[in-house]
Amino acid sequence: MQEAFQILCRLGLEEVGHRAWVEEALTLAMQHDRSVYDVLYLVLALREGGSLMTADERFVNALKPKGFSLILLSEWSASLVNAEEVP
């Protein structure tokens, strides 16, 4: 466990607090009938200018059509397998 923690520390990951985003997450969660827990990850991705990758197909199906940048993990994984098959 200690070794895993040391590896994570060497990656240079930035600690990101969620308190500043709770209000935004609460609003989005209520607007789209989603859990605040899930939406906090979406808000983090939005604020960092990225996409949220998740295995939660219902979450993706509910929010992607509304313009949120979401990637379904199974589709991403399948695209990697297909790319490896191309010579």
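Check the entry above for the structure.
Bear in mind the structure is a predicted one, so any value in this text is a computation, not a measurement.

Parameters and conventions
Residues numbered from 1 in each chain as written. Predicted model: local features only at pLDDT ≥ 70, side-chain atom pairs only at ≥ 80, totals over all residues. Heavy atoms only, no water. Helix = DSSP H or I, 4+ residues; strand = E, 2+ residues; numbered from the N terminus. Salt bridge = Lys/Arg side-chain N within 4 Å of Asp/Glu carboxyl O. Buried < 20%, exposed > 50% of the residue type's maximum accessible area, 1.4 Å probe, protein only. Arc of directions from axis to C-beta. Contact = heavy atoms within 4.5 Å. Core = buried A, V, L, I, M, F, W, Y, C linked by side-chain atoms within 4.5 Å.

(A) Spatial organisation of the environment of Arg 19. Among the secondary structure elements, Arg 19 is positioned in the loop between α1 (2–10) and α2 (22–32). Considered as a pair, Arg 19 and Leu 40 are 21 residues apart in the sequence and their alpha carbons are 9.8 Å apart.

(B) Structural detail: the pattern of salt bridges. Per the stated rule, a full pass over the model turns up 1 salt bridge. Here Arg 47 makes a salt bridge to Glu 24, at a shortest N to O gap of 2.9 Å. Here Arg 47, found in helix α3 (residues 36–47), pairs with Glu 24, found in helix α2; they are 23 residues apart in sequence, far enough to count as distant. A relative accessible area of 28% places Glu 24 in the partly exposed class.

(C) Representation of α2 in the model. What α2 keeps buried is the set Ala 25, Leu 28, Ala 29 and His 32. Buried residues of α2 fall within an arc of 100° about the axis and therefore sit on the same side. Counted as exposed and oriented over 90 degrees from the buried face of α2: Glu 23, Met 30 and Gln 31. For α2, the elements touching its buried residues are α3 and α4 (57–63). Note on α2: the residue one or two positions beyond its end, Asp 33, has a positive phi of about 55°.

(D) Seen up close, the nonpolar core. Residues Val 39, Leu 42, Phe 59 and Leu 70 are the most contacted members of the largest nonpolar core, which totals 16 residues. Among the elements that take part in this core, α3 stands out by supplying 5 residues, more than any other. With residues up to four places along the chain from it excluded, the contact list for Leu 42 reads Leu 52, Phe 59, Leu 63, Phe 68 and Leu 70.

(E) Here's a closer look at the side chain of His 32. Counting through the fold element by element, His 32 comes out in helix α2. The class for His 32 is buried, based on a relative accessible area of 17%. Not counting chain neighbours up to four residues away, the residues in contact with His 32 comprise Leu 63, Lys 66 and Phe 68.

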